[in-house]
Amino acid sequence: MSMKKRIEVTRPSMPPIEEYIDEIKGLWKSRMLTNNGEKHLELEKKLSEYLGVENLCLAVNGHQALECIIDVMGIKGEVITTPFTFASTVNALVRRSLIPVFCDIKADDFTLDPEKIEPLITEKTSAVMPVHVYGSLCDDEKIEKIAQKYSLKVIYDAAHAFGVTKNGVSAASFGDAAMLSFHATKVFNSVEGGAAVFKDKKNKALFEQLKNFGLNKEEPEFFGGNAKMNELSAAMGLCNLRHIEDSISARKRAAMRYRENLADVKGIYIPPEGDGVKSNYAYFPIIVQPEKFGASRDSVIDELSKNGIGARRYFYPLASENKAFGENRNTLKTPNALYASRNVLCLPIYEGLTDEEVDMICKIVRYF
Ligand SMILES: *Cc1c(COP(=O)(O)O)cnc(C)c1O
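Residues numbered from 1 in each chain as written. Predicted model: local features only at pLDDT ≥ 70, side-chain atom pairs only at ≥ 80, totals over all residues. Heavy atoms only, no water.

A. Inspection of helix 4 (residues 62–72) at higher detail. In terms of residue burial, helix 4 counts as a mostly covered element, since 8 of its 11 residues are buried. Of the positions making up helix 4, those classed as buried are G62, A65, L66, E67, C68, I69, I70 and V72. (Buried < 20%, exposed > 50% of the residue type's maximum accessible area, 1.4 Å probe, protein only. Helix = DSSP H or I, 4+ residues; strand = E, 2+ residues; numbered from the N terminus.)

This is how it looks when you write it as structure tokens:
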């Protein structure tokens, strides 16, 4: 075993190095390395086309994009969100002085349960922030209906949903705004990077100003920060975007093979692909149902690890379990989220993972 390379849960996609060098060569002449340079403008345009959205703004990373979206939209008070997410979602709310109100998820696909939103709405609620977990799409129609009834904004954390569509419509276009992440470990990467997508065009202009210190030309008009994407990252994005279809196909192949291999294993639950959804196969989550499977999620992870395979407890712990919440930590109000975080594991999936590797991983899970 020690001779073999370890299989990690993910591996960033990278273009051929020559392609990247070609892409960045011009920068040594132009010396324009940031501040809405040529690569930035081109990537923004190409991504808008690929995703089929308007009003897309690039950012230094997904998290900063989310914080800027909150500012741009003037969100105040309480925001209803999910505890079953990466820390970033909830951190963005707290860092922008908002109160996250945790709503439970659906047990079948781990997304925010629209049936449980209304009882949590108070006069202080101003927005809902759902997450398209693992690229499983939220029930946007039901969420939209509730938002309209109570005049709430909807901001999607679409960090996992790059390129995912429902009935041909891009998930990045759902809601009043959406955040995308182009972090190295995501389906599409610009090393670090992210974007905001707005329904309303005027929010794009505001976002552009906010991500550049609040400057209008040279004049500061409000207290913005710095969340600009640089040209070397944009160039990486341009290269990776050329290969995105191949990259998603490779992930799909692995996902299908996992599904086939694990379909009849008692006590292993695999979330379904939604109706009309074209997935990006960003993750391959399974729930180990300990009572039926006869072993715990953590013991499966240990066994995989002994065999040189990195599976990840993602998301564990819940975002609502952050120690900083102190006395207010209460996971019992969101039992589905609690169950998922205690029993979920993500199996390795990336471009370059071979059929043999998938089969070996499945064998270990199956015969454990
Ligand atoms: C990756 C991720 C983020 C943060 O994106 P960065 O680009 O790493 O800042 C936010 N939310 C979720 C659900 C993520 O997976």
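B. Highlighting the pairing of strand 15 (residues 344–347). By the alternation rule, side chains of strand 15 split into V344 and C346 and L345 and L347, which are all buried. Sheet topology note: the strand 14 (residues 284–288)/strand 15 ladder contains 4 bridges and is antiparallel. Residue pairing for strand 15: P285 is matched across the bridge by C346. (Pairing = 2+ DSSP bridges.)

C. View of the sheet that holds strand 6 (residues 165–166). The strand order 7-6-13 describes an open sheet built from 3 strands, whose pairing is antiparallel. Edge positions in the open sheet fall to strand 7 (169–170) and strand 13 (277–278), since each of these has one partner strand only.

D. Fine view of empty space enclosed by the protein. Taken as a whole and judged by the stated rule, the model has 1 cavity of 30 Å³ or more. The space that makes up the largest cavity amounts to roughly 40 Å³. Every residue lining the largest cavity is listed: A159, H160, A161, F162, T185, K186, V187, N280, A282 and Y283. Looking at the lining of the largest cavity, its residues break down into 6 nonpolar, 3 polar and 1 charged. (1 Å grid on protein atoms, 1.4 Å probe; cavity = no way out; pocket = protein on both sides within 12 Å on 5 of 7 lines; lining within 4 Å. Points joined across faces, edges and corners; volume = space filled by probe spheres on them. Nonpolar A, V, L, I, M, F, W, Y, C, P; charged D, E, K, R; others polar.)

E. Quick peek at the site of the ligand. Taken together, the neighbourhood of the ligand is formed by 16 residues, with G62, D157, H160, S181 and K186 sitting nearest. With respect to the ligand, the side chain of S181 contributes an N or O atom lying 2.7 Å from an oxygen atom. For the ligand, the protein covers 93% of the area, taking 380 Å² as the surface of the free molecule. Broken down by secondary-structure element, the contributors of at least two residues to the shell around the ligand are helix 4, helix 5 (87–95) and strand 8 (177–181). Classifying every residue of the shell around the ligand gives 4 nonpolar, 10 polar and 2 charged. (Near = heavy atom within 4 Å. Polar contact = N/O pair within 3.5 Å; in protein donor to acceptor, adjacent residues only side chain to side chain. Areas by Shrake-Rupley, 256 points an atom, 1.4 Å probe, with all protein chains shown as cover.)

F. Up close: the packing of aromatic side chains. Counted by the stated rule, this structure contains 16 aromatic pairs. For the ring pair F84 and F315, a centre distance of 5.1 Å and an interplane angle of 90° mean the geometry is edge-to-face. Linking F84 in the loop between strand 2 (78–81) and helix 5 with F315 in the loop between helix 11 (297–306) and helix 12 (335–343), this pair joins segments that are 231 residues apart in sequence. Judged by relative accessible area, F84 falls into the buried class, the value being 0%. Relative accessible area serves as the criterion here: at 3%, F315 is assigned to the buried category. A centroid spacing of 5.0 Å and a plane angle of 80° characterise the contact between F182 and F188, whose relative ring orientation is edge-to-face. (Phe/Tyr/Trp six-rings, centres within 6.5 Å; stacked < 30°, edge-to-face > 60°.)

G. Broad picture of the pattern of salt bridges. Scanning the entire structure with this criterion turns up 30 salt bridges. Close ionic contact of K166 with D140 constitutes a salt bridge, the shortest N to O distance being 2.7 Å. A residue pair is termed long-range when its members are at least 10 positions apart, and K166 in strand 6 and D140 in helix 6 (residues 140–149) qualify at 26 residues. When its relative accessible area of 15% is taken as the criterion, D140 is described as buried. A salt bridge links R313 to D298; the shortest N-O distance between them is 3.3 Å. (Salt bridge = Lys/Arg side-chain N within 4 Å of Asp/Glu carboxyl O.)

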